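A structural walkthrough
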Protein chains: 2
Amino acid sequence: MEIRVMANILENNDKYAAAVRQRLADNKVFAVNMMGSPGCGKTSLLERTISALQNELKLAVIEGDLFTAKDAERVERCGVPVVQINTGGGCHLDANMVNSALDSLALDKLDLVIIENVGNLVCPAEFDLGEDIKVAILSTTEGEDKPLKYPLAFQKSSAALLNKIDLLPYTCFDLTAVEKDIYKLNPSLMLFKISCRTNEGLNYWYDWLIRQVEAKNHTKESS
Amino acid sequence: MEIRVMANILENNDKYAAAVRQRLADNKVFAVNMMGSPGCGKTSLLERTISALQNELKLAVIEGDLFTAKDAERVERCGVPVVQINTGGGCHLDANMVNSALDSLALDKLDLVIIENVGNLVCPAEFDLGEDIKVAILSTTEGEDKPLKYPLAFQKSSAALLNKIDLLPYTCFDLTAVEKDIYKLNPSLMLFKISCRTNEGLNYWYDWLIRQVEAKNHTKESS
């Protein structure tokens, strides 16, 4: 019974995800769905990424939170358009919410939309938002056992960002083990070791993200 | 439609929660439901708490995880009975799962059952497991904005443990702000500042927990 209900919800979600995907394609906009636990550094990564990329790409942000507009306010200070979705307690964004949020953005003027999902390493991974790629963020202070315990987020992502690498000397985090586990779950994942505090490793992430956006635009223009 | 389904699920859950509560009361067993994000330190806290309390209290553990028995194996090494629940991707424990897990424990020989919920600061807070108290665990590396962004876990808990206090000098965590926000959400919450790595502050938690268990037993004997 519960399974049937879940299937209906996902089926419904997939209809909206297809609509989102079509709207993004029509406007040649690339979309990234950022997933990770509360406090792994999603909003800090967003702030750094906006600063680094906003001269090169026209970007906007969709912020998912249970309550509050704290993250949207942080992003707004970076000077890009931002739409806040409050799920009112709901543990993930769904494609219907994202489809509504797109109404508030001038899609024809954008290259990239970054969606910051609700802080949760479990539920967001189950819902297609119509994005081009998912990325998973994990921080060194969460422990190296997390990929195997929360595999779906890593299996469904194109990239994983291992944040707070500057705190490595103060933790007992096993970097070798986590890399091995991540590649076992998803051999084609791009793994970035970063610190949003010291900026370590972020240039590789920026370059890679720009390449993904450009590749999508190029594909669209030549087709 | 979705709301009605959710109501049915919760109603069903509450029936099982009542059954769990009755079984615990019949056997004078105190139960704690531990909630927090992946990597906040739930299993480390369990390990420390078992070591400190196992001469004083007869305790057992119910481990909730999506997949793997990694945490149950860690707890088993501490020398107490442990039952692993794998939710198979499900984002929280429910009372039906806990009720089944109790079948594997000799309840008449126990004083305390600690339930480690799935690593998730959102969904577990919505489900009554029949426990006596919920406790929320937050770590300093997650950032001080978390209580207001994920209020339910703090509102429903009797205690909050602020873990990784030893990493405070290496983060920009605002301790004063988080304390203010936590007490705004729940003025009667007990707040413990701890480090499972250095053992800082853990004695206060042990003493408080023992008092809760003893109070429950005392109440039962005199009624």
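Use the structure listed above.
To keep things clear, this report deals only with the structure shown in the data block. This structure is a prediction, so every number in the text was calculated from the model and none was measured. Counting from 1, residues in each chain are numbered in the order their sequence is written. Lettering of chains starts at A and numbering of ligands starts at 1, both following the order in which they are written. Given that this is a predicted model, residues contribute local features only at a pLDDT of at least 70 and side-chain atom pairs are listed and counted only at 80 or more, while totals for whole chains, interfaces and linings are drawn from all residues. Side-chain descriptors were evaluated using all non-hydrogen atoms of the structure, hydrogens and water having been removed beforehand.

**Details of the interface of chain B and chain A**
Opposite the 36 residues of chain B that make contact, chain A presents 36 residues. Buried area: the accessible area, evaluated with a 1.4 Å probe, that two parts lose upon being put together, summed over both parts. A buried area of about 2,900 Å², summed over both sides, lies between chain B and chain A, and 63% of it is on carbon and sulfur atoms. Per-residue buried area on chain B facing chain A is highest for Pro38(B), Lys149(B) and Tyr170(B); these three make up 21% of the total on that side. A pairing counts as a salt bridge when a side-chain nitrogen of Lys or Arg comes within 4 Å of a carboxyl oxygen of Asp or Glu. Linking chain B with chain A are four salt bridges, by the criterion used here. Lys149(A) serves as the salt-bridge partner of Asp65(B), at 3.4 Å between the closest nitrogen and oxygen. Polar contact is defined as a pair of N or O atoms within 3.5 Å, subject to the rule that within protein one atom must be able to donate a hydrogen and the other to accept it, and that residues adjacent in sequence are counted only when both atoms are side-chain atoms. On the surface where chain B and chain A come into contact, there are eleven residue pairs in polar contact (both at pLDDT 80 or more). Listed by contribution, the elements that provide at least two residues to the side of chain B that touches chain A are helix H1 (2-26), helix H3 (70-76) and helix H5 (146-149) of chain B. Each residue belonging to the side of chain B that touches chain A can be placed in one class, and the counts come to 16 nonpolar, eight polar and twelve charged. Note on definitions: a residue-residue contact is assigned when non-hydrogen atoms from the two residues lie within 4.5 Å. Starting at the N terminus, helices and strands are each numbered in turn, a helix being any DSSP run of H or I of at least four residues and a strand any DSSP run of E of at least two. Residue type decides the class: Asp, Glu, Lys and Arg count as charged, Ala, Val, Leu, Ile, Met, Phe, Trp, Tyr, Cys and Pro as nonpolar, and the leftover types, Gly among them, as polar.

**A closer look at the sheet that holds strand E5 (residues 133-139) of chain B**
Residue and element names in this part refer to chain B. Whether two strands pair depends on DSSP finding at least two bridges between them. Across the sheet, seven strands lie side by side as E3-E2-E4-E1-E5-E6-E7; this open sheet has parallel pairing. Taken across any chain shown, the strands that pair with only one partner, and hence form the sheet edges, are strand E3 (82-86) and strand E7 (190-193). Averaged over all pairs of adjacent strands, the angle between strand axes in this sheet comes to 20 degrees, irrespective of strand direction. Its contacts with the sheet put helix H4 (residues 95-102) on strand E2 (59-65), E3 and strand E4 (112-116), and the angle it makes with E3 is roughly 145 degrees. Here the axes come from fitting lines to C-alpha atoms, over the contacting stretch only for helices, and the angles between their N-to-C directions go from 0 to 180 degrees.

**Re the layout of surface pockets**
Remark: the empty space left among the atoms is shown by a probe the size of a water molecule rolled over them. In this model, the second largest pocket occupies a volume close to 700 Å³. Only protein atoms enter the calculation, which uses a 1 Å grid: trapped sets of points that fit a 1.4 Å probe without letting it out are cavities, open sets showing protein on both sides within 12 Å along at least five of seven lines are pockets, and any residue with an atom within 4 Å of a point is a lining residue. Surrounding the second largest pocket, 33 residues form its lining, Glu142(A), Gly143(A), Cys172(A), Ser44(B) and Arg74(B) being those nearest its centre. Only helix H5 (146-149) of chain A together with helix H2 (42-53) and H3 of chain B provide two or more residues apiece to the lining of the second largest pocket. For the lining of the second largest pocket, the class distribution of residues is six nonpolar, ten polar and 17 charged. Grid points are joined across faces, edges and corners, and a volume is the space filled by probe spheres set on the points.

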